[in-house]
Amino acid sequence: MNKIYNILGCLSLFVCLVACTKQVTDPQMQITKPSIFPDYVGVTIPADIAPMNFSMAGDEFECIDVVVSGSIKGEMHVQGDYADFDIDEWHELTRDNKGGKLTFTVSALKDGAWLQYKPFDMMVSPYSLDDYGLTYRLIAPGYEVGGDIGIYQRDLHTFDESKILHESAVPGQCMNCHTANRGSADEFLIHVRGTKGGTVVQQNGEQTWLNTKTDSTKANMGYSYWHPSGRYIASSINSIHQSFFVGKDRRIEVFDTMSDVLVYDVRTNQLLLNPLLQTSDWETYPVFSADGKTLYYCTSKPYNVPAEYDKPRYSLCKISFDPEKGTYGDRVDTLLKSYEPLGDRDSVSYTYPRPSYDGKWLMYGVTDFGNFPVNHKEADLWLMDLKTGATRSLTEVNSDDVDSFHNWSTNSHWFVFSTRRSDGMYTTLMLSSLDDNGKATKPFLLPQRNPKKFYHECLWSYNCPDFTKDKVKFDARKASEKCLDGERKQVTIR
Amino acid sequence: MLSLLLAICIFVFWYVFYPQALSYQEQNQLFLWSCDYFVEDVSKIGGLADYLGEFLVQFYYVEWLGALVIAIVYAIFHRVLSGIMHTSLALIPCVLLLWYMGDENVLMSFVVAIIIAAASYLLLRKTSIWLDIIVLPILYWLIGPIVWIYALLRLLYHDGKLKVNIRYMALVAYMAVMHIIAVVVLLNQWPMLSALFGTNYYRVPLEYPAMQFVIPAIVVLLPIVRIEKKWFSLVALLIACVLGFCADHYGYEKDKYELIYQDYLIRNGRWNDVIKRAEKYQVPVNFSSESVNLSLAMTGQLAARMFTFYQSGEDALIMPRMRDNTSNLPSMEAFYQLGMVNEAMRYAFDIQESILNGKKSGRMMKRIAECCIINGRYVTAEKYLNLLSQSLFYKEWAEKAKTYLGHEEWIDTHDQWGRIRRMRYKDDFLYSYPEKHKMFYILFNGNTDNKMALEYFLGQTLLNGDTKLFKEYLPLAERYGGYSAVPYGYQDAWQCIEAHGNLPGSSYANYVNRMMKTSKSNTDGVSGASMINH
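The rules behind these values
- Residues numbered from 1 in each chain as written.
- Chains lettered and ligands numbered in written order.
- Predicted model: local features only at pLDDT ≥ 70, side-chain atom pairs only at ≥ 80, totals over all residues.
- Heavy atoms only, no water.
- Helix = DSSP H or I, 4+ residues; strand = E, 2+ residues; numbered from the N terminus.
- Rg over C-alpha atoms; globule rule 2.2 N^0.38 Å.
- Buried < 20%, exposed > 50% of the residue type's maximum accessible area, 1.4 Å probe, protein only.
- Areas by Shrake-Rupley, 256 points an atom, 1.4 Å probe, with all protein chains shown as cover.
- Lys, Arg positive; Asp, Glu negative; His and termini not counted.
- Charge placed at Lys NZ, Arg CZ, Asp CG, Glu CD.
- Contact = heavy atoms within 4.5 Å.
- Phe/Tyr/Trp six-rings, centres within 6.5 Å; stacked < 30°, edge-to-face > 60°.
- Lys NZ or Arg CZ within 6 Å of the ring centre and 35° of its normal.
- Patch = residues over 30% accessible without salt bridge, like charges linked within 9 Å, V, L, I, M, F, W, Y side chains within 5 Å.
- Salt bridge = Lys/Arg side-chain N within 4 Å of Asp/Glu carboxyl O.
- Buried area = accessible area lost by both parts, 1.4 Å probe.
- Polar contact = N/O pair within 3.5 Å; in protein donor to acceptor, adjacent residues only side chain to side chain.
- Pairing = 2+ DSSP bridges.
- Axes fitted to C-alpha atoms, helices over the stretch in contact; angles between N-to-C directions.
- pLDDT = per-residue confidence, 0-100.

Overview of the overall build of chain A
Part 1 of the argument: Helix and strand content of chain A: 4 helices and 35 strands.
Part 2 of the argument: For chain A, the C-alpha radius of gyration of 24 Å lies close to 23 Å, the compact-globule estimate for 494 residues.
Part 3 of the argument: Per-residue burial over chain A gives 60% buried out of 494 residues.
Part 4 of the argument: Counting only carbon and sulfur atoms, one obtains 49% of the accessible surface of chain A, whose full area is about 19100 Å².
Part 5 of the argument: Averaging the positions of the 52 positive and the 65 negative side-chain charges in chain A gives two centres separated by 4 Å.

Side note on the overall build of chain B
Part 1 of the argument: For chain B, the count of helices and strands is 29 helices and 2 strands.
Part 2 of the argument: Dimensions of chain B, computed from the C-alpha atoms along their principal axes, are close to 85 × 55 × 45 Å.
Part 3 of the argument: For chain B, with 534 residues in total, the buried portion stands at 58%.
Part 4 of the argument: Sequence separation of at least 24 residues holds for 68% of the intrachain contacts in chain B that already meet a minimum separation of 6.
Part 5 of the argument: Total accessible area on chain B is roughly 22000 Å²; 62% of this is exposed by carbon and sulfur atoms.

Some points on the packing of aromatic side chains
Both the distance between ring centres and the angle between the ring planes are used here to describe each pair of aromatic rings.
Part 1 of the argument: Going through the model one piece at a time under the given rule, you end up with 69 aromatic pairs over all chains.
Part 2 of the argument: Summarising the aromatic geometry, the rings of F54 of chain A and F85 of chain A are spaced 6.4 Å apart at their centres and angled 55° between planes, so their arrangement reads as tilted. In this pair, F54 of chain A sits in the loop between strand 3 (44-45) and strand 4 (55-56) while F85 of chain A sits in the loop between strand 6 (75-80) and helix 2 (87-96), placing the two residues 31 residues apart along the sequence.
Part 3 of the argument: Look at F54 of chain A and you get buried, because its relative accessible area is 0%.
Part 4 of the argument: Both rings, one in Y352 of chain A and one in F405 of chain A, keep their centres 4.4 Å apart while their planes meet at 55°; by these two values the pair is tilted. Taken as a pair, Y352 of chain A in strand 25 (residues 349-355) and F405 of chain A in strand 29 (residues 403-408) lie far apart in primary sequence, 53 residues in all.
Part 5 of the argument: With a relative accessible area of 8%, Y352 of chain A lands in the buried category.
Part 6 of the argument: Counting every residue linked through ring pairs, the aromatic cluster contains F31, W33, Y37, F38, Y51, F55, F59, Y61, F393 and Y394 of chain B.
Part 7 of the argument: The ring of Y426 of chain A has K383 of chain B sitting right over it, with the charged end atom 3.9 Å from the ring centre.
Part 8 of the argument: Of note, K471 of chain B hangs over the ring of W494 of chain B, and the distance from its end group to the ring centre comes to 5.3 Å.

Some points on a negative patch on the surface
Part 1 of the argument: On the surface, D86, D88, E89 and E92 of chain A cluster together into a patch of negative charge.
Part 2 of the argument: Residue E89 of chain A is classed as partly exposed on the basis of its relative accessible area of 44%.

A closer look at the environment of I64 of chain A
Residues and elements named next belong to chain A.
Part 1 of the argument: Take I64: it is sitting in strand 5 (residues 63-70).
Part 2 of the argument: Accessibility expressed as a relative area gives 1% for I64, which makes it buried.
Part 3 of the argument: Distance in space between the C-alpha atoms of I64 and G292 is 51 Å, their sequence separation being 228 residues.

A short note on the interface of chain A and chain B
Part 1 of the argument: At the junction of the two partners, chain A supplies 48 residues and chain B supplies 46 residues.
Part 2 of the argument: Taken together, the two surfaces of chain A and chain B that pack against each other cover about 4400 Å², and 59% of this comes from carbon and sulfur.
Part 3 of the argument: In this structure, D36 of chain B and K453 of chain A form a salt bridge, with 3.0 Å as the shortest nitrogen-oxygen distance.
Part 4 of the argument: The tally of links from chain A across to chain B stands at 29 residue pairs in polar contact (both at pLDDT 80 or more).
Part 5 of the argument: Mapped onto the side of chain A that touches chain B, the elements with two or more residues apiece are helix 1 (2-19), strand 12 (161-166), strand 18 (232-244), helix 3 (451-457) and helix 4 (476-485) of chain A.

Details of the sheet that holds strand 25 of chain A
All names here are of chain A.
Part 1 of the argument: Spatially, 25-26-27-28 is the arrangement adopted by the 4 strands of the open sheet, whose pairing is antiparallel. The open sheet is flanked by strand 25 and strand 28 (391-393), the only strands paired with a single partner. Each strand of the sheet is rotated relative to its neighbour by a mean of 25°, with strand direction disregarded.

Looking at the environment of F470 of chain B
Part 1 of the argument: Positionally, F470 of chain B belongs in helix 27 (residues 467-480).
Part 2 of the argument: Residues F470 of chain B and A381 of chain B, 89 residues apart in the sequence, show an inter-C-alpha distance of 39 Å.

Digging into the pairing of strand 27 (residues 380-385) of chain A
Residues and elements named next belong to chain A.
Part 1 of the argument: With 5 of 6 residues buried, strand 27 lies mostly within the body of the structure.
Part 2 of the argument: Judged from the 6 bridges that link them, strand 26 (residues 361-367) and strand 27 form a sheet pairing that is antiparallel. Paired with Y364 across the bridge in strand 27 is W382.
Part 3 of the argument: The hairpin formed by strand 27 and strand 28 contains 5 residues between the paired strands, and G389 there has a positive phi angle of roughly 80°.

Concerning the confidence of the model for chain B
Residue and element names in this part refer to chain B.
Part 1 of the argument: Residues at a pLDDT of 70 or more form 97% of chain B, whose mean pLDDT is 93.
Part 2 of the argument: In this model residues 524-534 is a low-confidence stretch, pLDDT under 50, and it forms 26 contacts with partners more than four residues away in sequence or in other chains.
Part 3 of the argument: For this predicted complex, the interface score ipTM comes out at 0.92, alongside a pTM of 0.93.

A closer look at the side chain of N450 of chain B
All names here are of chain B.
Part 1 of the argument: Its location among the elements puts N450 in the loop between helix 25 (436-446) and helix 26 (451-464).
Part 2 of the argument: On the basis of relative accessibility, which here comes to 2%, the residue N450 falls in the buried class.
Part 3 of the argument: What N450 contacts, discounting residues up to four positions off in sequence, is L338, M423, L443 and F444.

Observations regarding the sheet that holds strand 29 of chain A
Residues and elements named next belong to chain A.
Part 1 of the argument: Sheet architecture is open: 4 strands sit in the order 29-30-31-32, paired in antiparallel fashion. Looking at strand neighbours, the two that pair on one side only are strand 29 and strand 32 (444-445), the edges of this open sheet.
Part 2 of the argument: Pairing analysis gives 5 bridges linking strand 29 to strand 30 (residues 414-419), with the strands arranged antiparallel. Directly across from H406, in strand 30, lies its bridge partner F417.

Next up, the structure:
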């Protein structure tokens, strides 16, 4: 069906191209770089990324003409309502200029006259992005109803998007993040919530539907993370609630009324508990280190929420984990203390830690309070050097609006994160690369065939993005049957 | 002639008796005049039927036009069926369809699909079987599993007579194989039965009403009946008339359509009509209480008359969030009129997302855009307005609304948006449904011109049975209500409280006593006497 859509899209594009093929004659030279959407000026891209199509930001232009020159080799020329690059030619150009740059000369037709802008550059990173693409959840940025929700995957090298699991397969149920083991296409889990809720774990093409709530644990598994060996899944168990603001600037606050951390042993179907992780405090967002020997998580003192919704502040902690025995260490270390000042703030909240797979970095979110950054305008991404413990705000990528929920590419040189910088309501995805010194590049918005039209009309928020090495193969029909029949494998406590 | 008569009856039926049903259908979709919308629809199995169905339903925005569209559709349906069966008999499936359409979740795509299937048979019945090798998959893609009507008609009838041709069995087998392949390969994001029976004929997933099968079966089987005598034709007409009576009597649930009517009137700001209808008959549920209370408030009668109408309980002014596309409509409207902009937007958003076939709602999107404009979220508002601009009936409004974006002064002086801006909360805090009386009070306290918030606050204290609070804050009504005398409703409540609930003829006493009885029966022995709480 997507192919049909693409063919029809190409046809309409052909019509547009026919309608706009003009010579750029006597252009008026502008002293500024063009204002384009998306803002791809100065961004760094991987070779073989999908074409970075763009439009003039304003609506007053009749036609756009773009000449792209590679610093090493090659050139492309497109003209139309928007810059729409041929995929194969684009790939060739980016491959030929890996480690170099592409220079874009943009001319735009306005009121019958061509305006030619100062050229801008787009760097082609020396770091490749070999993963197939991204997985994410598309959901209307609503309140309590998931609606036409679905988990999707997108080929980062083209514009192909396909469903992994859509609400239509499990009517009336909501689904949470697709959580893969280091971008594996065949080792992942999905939580389904609702009357037919459960957790589906897929390994080696086999789906196992679990009931993860036990008499000893107060809720189902929530935010999860795979152990690199694939044997364990660290997870929080949360009682998640949301309240709604009455004022004009904020909409929603999401909070826990309890949360603990545990590890699920996939092989034995057992939950591994530890009193240090099931305290009266709130523990959440557990993740394993790259070597699988440390478990990072966030923790806060409990408060009377929602009345004290702005009180919880989460510290970032770690505890050792022995993957051979499935046991924890006996000491918790606090890496980042929420109650210590950060910049001009007396205290902050640290959330959603994500270690890079090469073991060098830990990226996490910083907000004023709480543990759900996507509703916090001040939410920013920070980076810790795991060797030195030094931390800094990723100012290269942060914006004035929400920047949160990030994940690493499998080679740890790229990361994806969600942001609300475009309109404050709809989350979009941005990608950036990180060099060996921890310096990030200006991020770029996930490319679309006609990005201006797409993003301006898109009624979806992109949620919980992650990279996937290959295209995910998931039997949605089987999932539908398993989900609706309600049979679940009950996890036990070790 | 019979088709014309049918069309006239259908027009009168919808326009005079069920205009609210048209409004309901229209508000559960947003048809866009864009290439993308068309491509998105027809790229799905059954998508053309969807597209045409939604195209037709958009005209329901104007009641007479909507009724005319349905009348024409029925006339076409009858004409097409008359080509494959006797014209009198053809009335029977039409009337059954009318019966079925009493279910508000039946989608127009079902009707369109049947018409296309039957019309295709009519058009292609004399063509070679080999053509069906191409026609069947195309038709299946365009209209979905209803294509079986076409396949079975081809199998069963030749030269206008029942004659099963064995060669056509192969065609049916071909269709079956194709159908199964599509279900397994292309529709794997649907449960098996949904994929088999069609994903786009009924709004509620996993529900397959009997009529969805009965009507196609009748269309396929009725041509067997040969009418050779005039009296037989009259019998067919009589059957159609009886079915027509049954359709109206059993197909259109009175209370459900009364509630939909209330919402239709509220949508059009016909507050007095809501009250007039409620004076004659009121469905005893919270939806109705909220609708009437909102209408009373909008006409300045809430303080005086609230308890002369049915009050469902503590939820009679505002309902908690319900996960469907209808229940929260009056609450959403009340929030908006009160100036509780975020709550109005939240309810509108969730109502829209609760439309079970994943469609957007023109009405809700318009309201969300308004909330965004009032709250100064112009970029987001523009996104919705741009989409609404691609529709036929919201376009003019959306284009005008776009001119307001960023113009604070214009919005401040806009009749509705300006008023709501002045009425909305001044401070930011978390909404609490159990404490909604406090929410109303804080809203009023932020702007004492917000008389509606004051009346909702006092009304809520009475609904809660919190008479102490009511008495404490009643002076506010005297001071800020703008009444020449204390409204009857407040006087009545006051006297009832003073008389410890023992005040014969008192509307509030009736409410209290009813609540006490309900509470007693619900709590099995726990006293409800605390309802009147000094």
